[in-house]
Amino acid sequence: MGFDEVAAAIDSIAHQWRAARPERQRRRHLERADFGLLRDAGLLRVGAPEDQGGLWRSLEESARPTCSLYRTLAAADSSVALVSSMHPAVISLWLISPDPDQPEWEDQRKAVFASAVDGVQWGTITSEPGSGGDISKTKATATPAEGEPFLSGALYTLRGDKHFGSGSGVTQRMMTTAIPDGEDEPTVFVLDFDGRPWDGTSGLELIAEWDGAGMAATQSHAMRLRGAPAVRLGFDGPLVPIAAAAAPFNALLFTAVVLGVLDEAVALARERIAVRAESLRPFEQVEWTLAERDHWVCCQSYEGAMRAIEGGDPAASLYAAMRAKHAVAELAESTMLRLTRVLGGGTFSLSSPFSRWFEDVRALGFLRPPWALAHDTLFATSLE
Ligand SMILES: Cc1cc2nc3c(=O)[nH]c(=O)nc-3n(C[C@H](O)[C@H](O)[C@H](O)COP(=O)(O)OP(=O)(O)OC[C@H]3O[C@@H](n4cnc5c(N)ncnc54)[C@H](O)[C@@H]3O)c2cc1C
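Basis of the calculations
- Sequence order as written defines the numbering, with residues in each chain counted from 1.
- Note on the predicted model: pLDDT of at least 70 is required for a residue's local features to be given, and 80 or more for side-chain atom pairs to be given and counted; whole-chain, interface and lining totals, by contrast, use all residues.
- Only heavy atoms go into the side-chain values, all of them from the structure, while hydrogens and water stay out.
- Classification of ring pairs uses Phe, Tyr and Trp, with its six-membered ring standing for Trp, and accepts pairs whose centres are within 6.5 Å; under 30 degrees between planes counts as stacked, over 60 as edge-to-face, and the remaining range as tilted.
- The numbering of helices and of strands both runs from the N terminus, where a helix is a DSSP run of H or I of at least 4 residues and a strand a run of E of at least 2.
- Burial here depends on accessible area, computed with a 1.4 Å probe over protein chains only, as a share of the maximum for the residue type. Under 20% is buried, over 50% is exposed, and the range in between is partly exposed.
- Remark: a charge is flagged as sitting over a ring if the NZ atom of Lys or the CZ atom of Arg is within 6 Å of the ring centre and within 35 degrees of the ring normal.
- One heavy atom within 4 Å of a molecule or strand is enough for the residue carrying it to be called near that molecule or strand.
- Two N or O atoms form a polar contact when they lie within 3.5 Å of each other; inside protein one atom must be a possible hydrogen donor and the other a possible acceptor, and for residues adjacent in sequence the pair counts only when both atoms belong to side chains.
- Here the Shrake-Rupley method, with its probe set to 1.4 Å, supplies the accessible areas, and only the displayed protein chains count as covering residues.
- Polar here means any residue other than Ala, Val, Leu, Ile, Met, Phe, Trp, Tyr, Cys and Pro, which are nonpolar, and Asp, Glu, Lys and Arg, which are charged; Gly is therefore polar.
- These domain boundaries are the output of an automatic or database domain assignment.
- Lining residues are defined by having an atom within 4 Å of a point belonging to a cavity or pocket. Those points lie on a 1 Å grid over the protein atoms alone, cavities being sets where a 1.4 Å probe fits but cannot get out and pockets being open sets with protein on both sides within 12 Å along at least five of seven lines.
- Grid points are joined across faces, edges and corners, and a volume is the space filled by probe spheres set on the points.

Caption draft 1: Representation of the packing of aromatic side chains in the model. This model, assessed by the stated rule, comprises 7 aromatic pairs. Both rings, one in Trp56 and one in Phe249, keep their centres 5.2 Å apart while their planes meet at 65°; by these two values the pair is edge-to-face. Taken together, the residues span a long stretch of sequence, with Trp56 in the loop between helix H3 (32-40) and helix H4 (59-76) and Phe249 in helix H7 (residues 239-274) at a distance of 193 residues. This pair shows no difference in class: Trp56 is buried, exactly as Phe249 is. With 5.2 Å between their ring centres and 65° between their planes, Tyr156 and Phe189 make a pair best called edge-to-face. Residue Tyr156 is found in strand S3 (residues 155-165), and its partner Phe189 is found in strand S5 (residues 187-192); the two are separated by 33 residues along the sequence. We note that Tyr156, like Phe189, is buried. Put simply, the rings of Trp94, Trp105, Trp122 and Phe235 touch in pairs and so form one group of aromatic residues. It is Arg323 that lies over the ring of Tyr319; its NZ or CZ is 3.6 Å from the centre.

Caption draft 2: Highlighting the site of the ligand. The ligand sits among 21 residues. The nearest are Ser127, Gly130, Gly132, Phe164 and Ser166. Between the ligand and the protein, one listed contact pairs an oxygen atom with a backbone N or O atom of Glu128 at 3.3 Å. Here a nitrogen atom of the ligand sits 2.8 Å away from a polar atom, N or O, in the main chain of Phe164. Summarising the interface, the protein chains cover 65% of the accessible area of the ligand, which totals 970 Å² for the free molecule. Of the residues belonging to the shell around the ligand, the class tally is 10 nonpolar, 9 polar and 2 charged. When we break the shell around the ligand down by domain, the ones giving at least three residues each are domain 2 (122-232) and domain 3 (239-380).

Caption draft 3: A look at empty space enclosed by the protein. Applying the stated criterion across every chain, the model contains 3 cavities of 30 Å³ or more. What lines the largest cavity is a set of 17 residues, and nearest its centre among them are Arg24, Gln25, Ser78, Ser79 and Asp360. Of the residues in the lining of the largest cavity, the class split is 7 nonpolar, 4 polar and 6 charged.

Spelled out as structure tokens, the structure:
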């Protein structure tokens, strides 16, 4: 099964889900059956290398078809698409940074890819209250532990508060960060979320259920880690180069999700506006024209960043992907605002798809790197 077959299966799923949009947009929870369908379609294999049973060839070759899958899905169900996109986003940490001189790292990489091929869903619960999305500000701690690790690597137990764990309840592995005892710098850990209760008896305590106005069904819960079992990242070296290598791809994955929502909103608006084109007032004509232009600009930004990744220059990829994510985050919000002004007050109703999409697209600016942190990177890379 290659990318084309997975894409055909995802197209067909998205087609069915679109037909059920009113019910899906009202959901405040994830359905396991949806993730079963996506698993059967081969979606979890996108983050594993081709020679290990997956679909991935290289960042240059695979970023575009991978992101396209999530763009398609998002047009049908934004919450499921966002949760699903976390899987390749997280696995990319292992995928993009091989090091044949580190056998333990290579063993762990193989184990991560094997789990994805076996249908294990990955996600992340890295964010911490007060960190502003900056992982270097983590306060969680990690203590070495005895026992059989659930993944190749060293076992620890983690303590600390985490939030925004999109996909809690449907993901089996959650990436996070913590500072190991006796060390100064945080590193990455993998938490075992597979069927573990959330009452604190097994290391995870649910402290707040997700009640997002947008991306409402993502189950992005807040959890207290109370001695939660976790396996340490097997890479021996600083975290920054690994995170930086994955950053352009991750930024485009999240951009693809919001762009998929915007594609759908603009397409539906076009249908509704076209039938009354003759009677549009000048203000409405201007708002529609600008909305359509800005959607085009979003598509071009995404395309430009994708081409930078395909060009293979890491610095150029980071430069372009950060700007594309930021531009699309801003323009998606203003585009939705313009569309609702033309389509009218009915879009304020919760039963209108536009009211949900309006809030959904706001998520992009908060997704990693969130607004303030993203601005730091934009400035830091602007004058080099
Ligand atoms: C829809 C959606 C899905 C997301 N999914 C994920 C995900 O799957 N995994 C993940 O790791 N992250 C996820 N994020 C989080 C995202 O990556 C950012 O980390 C996050 O949005 C940053 O939040 P913030 O800027 O509000 O800062 P934060 O510092 O996280 O602040 C969040 C809240 O904490 C309060 N706060 C502020 N300062 C303090 C303080 N000093 N002490 C205590 N509380 C404080 C604020 O009132 C604020 O409401 C998601 C975000 C969204 C919007």
